[in-house]
Amino acid sequence: MRKLNAMPNSRRLARSPLPWWRLLLLLAHYFIGYLFLYPKLLAKITLAIDPNAYYVPDSYLFLTYVWMILSTLLIAFPIWRQSHLHYRKERPDLLFSNLCYMGAMFVVSLVIGLIVTHFSGLSDSANEQVVLAELERSPLLSFFTILIYSPIVEESVFRGGIYRTLRGYMGVVSAMLLTAFAFGLLHVYDSFLVGNWNDGWYLFLYGGVSCLLCYSYEKNQTIYSSVLLHFMNNLLATFL
């Protein structure tokens, strides 16, 4: 008799096609390069050209985002190739399934958001405040980062890299929770660096979103699914 909590083998994600060197390069490229080294390099280049500059020019930022997208896709190519082959073979209905997941994500975000607001006293996370400020300052670049850059790069790193690798060594729930913690921490670590521990409540909100993105990837077995859901979520969040 098959266990009730066991997933059919045909619906289980296979072991990640990423070799360890690609995984480590993917993580280093994002967590060390994008989050720390590239911003410092951009600031030095900007000040070298214009010592009175207050912002890094949008053109520099745009080129950096394009570089991140292309280089991330190159590093994570085995994940995207496997996802593409599975999509061509199985043809899952990504739009319909993700509309269902989007409804679930809206409810989860609403409920967790209300709980987080109650306990933290904050109406928005520090990350959301930065996004809103950037939307006012540079709407075109912000739309590009929110709707193109984030879905592609973050899904490649967190679902394609972290979740997919963990999934090869543990069950769905454990892999989802560890990925959710990493994804949530990404969105609040800036607050922790300045001692704003209250913003840590938003770990639960971003973690809940991450779990649904993982579920979308798990069910449809293609990163196309989580990228589309991430895009839909960001689009909805931007205009609401």
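Residues numbered from 1 in each chain as written. Predicted model: local features only at pLDDT ≥ 70, side-chain atom pairs only at ≥ 80, totals over all residues. Heavy atoms only, no water.

So what exactly am I meant to see when it comes to the overall build of the protein chain here?
Summing up its helical and strand segments, the protein chain has nine helices and zero strands in all. Relative to its length of 240 residues, the protein chain is compact, with a C-alpha radius of gyration of 19 Å against a globular reference of 18 Å. With the principal axes as the frame, the protein chain shows a C-alpha extent of 70 × 40 × 30 Å. For the protein chain, contacts bridging at least 24 residues in sequence account for 79% of all contacts bridging at least 6. Looking at the protein chain as shown, the accessible area adds up to about 13500 Å², and 70% of this sits on carbon and sulfur atoms. Across the protein chain, the mean location of the 17 positive side-chain charges is 19 Å away from that of the 13 negative side-chain charges. (Helix = DSSP H or I, 4+ residues; strand = E, 2+ residues; numbered from the N terminus. Rg over C-alpha atoms; globule rule 2.2 N^0.38 Å. Contact = heavy atoms within 4.5 Å. Areas by Shrake-Rupley, 256 points an atom, 1.4 Å probe, with all protein chains shown as cover. Lys, Arg positive; Asp, Glu negative; His and termini not counted. Charge placed at Lys NZ, Arg CZ, Asp CG, Glu CD.)

I tried to follow the packing of aromatic side chains on my own but got confused; where do I start?
Ring pairs (aromatic) are described by centroid distance and by the angle formed between their planes. Counted under the stated rule, the structure contains 19 aromatic pairs. With a centroid separation of 5.9 Å and an interplanar angle of 50 degrees, the aromatic rings of W80 and Y224 are classed as tilted. With W80 in helix α3 (residues 77-90) and Y224 in helix α9 (residues 223-239), the pair connects residues that are 144 residues apart, well separated along the chain. Residue classification places Y224 among the partly exposed positions, given a relative accessible area of 24%. Feature note: the residues Y30, F31, Y34, Y65, Y149, F158 and F183 constitute an aromatic cluster, connected by ring pairs. (Phe/Tyr/Trp six-rings, centres within 6.5 Å; stacked < 30°, edge-to-face > 60°. Buried < 20%, exposed > 50% of the residue type's maximum accessible area, 1.4 Å probe, protein only.)

Honestly, the side chain of E154 in this entry has me stumped. Any pointers?
Counting through the fold element by element, E154 comes out in helix α6 (residues 139-167). Among buried charged residues, E154 stands out as having no salt bridge; its nearest opposite-charge side chain is R159, 5.6 Å away. Apart from the residues within four sequence positions on either side, E154 is in contact with Y30, Y149, R159, F183, L186, H187 and H230. (Salt bridge = Lys/Arg side-chain N within 4 Å of Asp/Glu carboxyl O.)

I tried to follow the pattern of salt bridges on my own but got confused; where do I start?
A side chain with one charge can pair with a side chain of the opposite charge if their charged atoms come near. Evaluated as defined, the whole model comprises four salt bridges. In this structure, D58 engages R137 in a salt bridge whose closest nitrogen and oxygen atoms are separated by 3.1 Å. Remark: R137 occurs in helix α5 (residues 126-137) and D58 occurs in helix α2 (residues 58-75); sequence separation between them is 79 residues. Its relative accessible area of 28% is what places D58 among the partly exposed residues. In this structure, the salt-bridge partner of E155 is R159, at a minimum N-O distance of 2.7 Å. With E155 and R159 both in helix α6 and four residues apart, the pair spans about one turn of that helix. In this structure, E155 and R159 share a single accessibility class: buried. Each of D58, E134 and R137 takes part in salt bridges that share partners, so that together they form one network.

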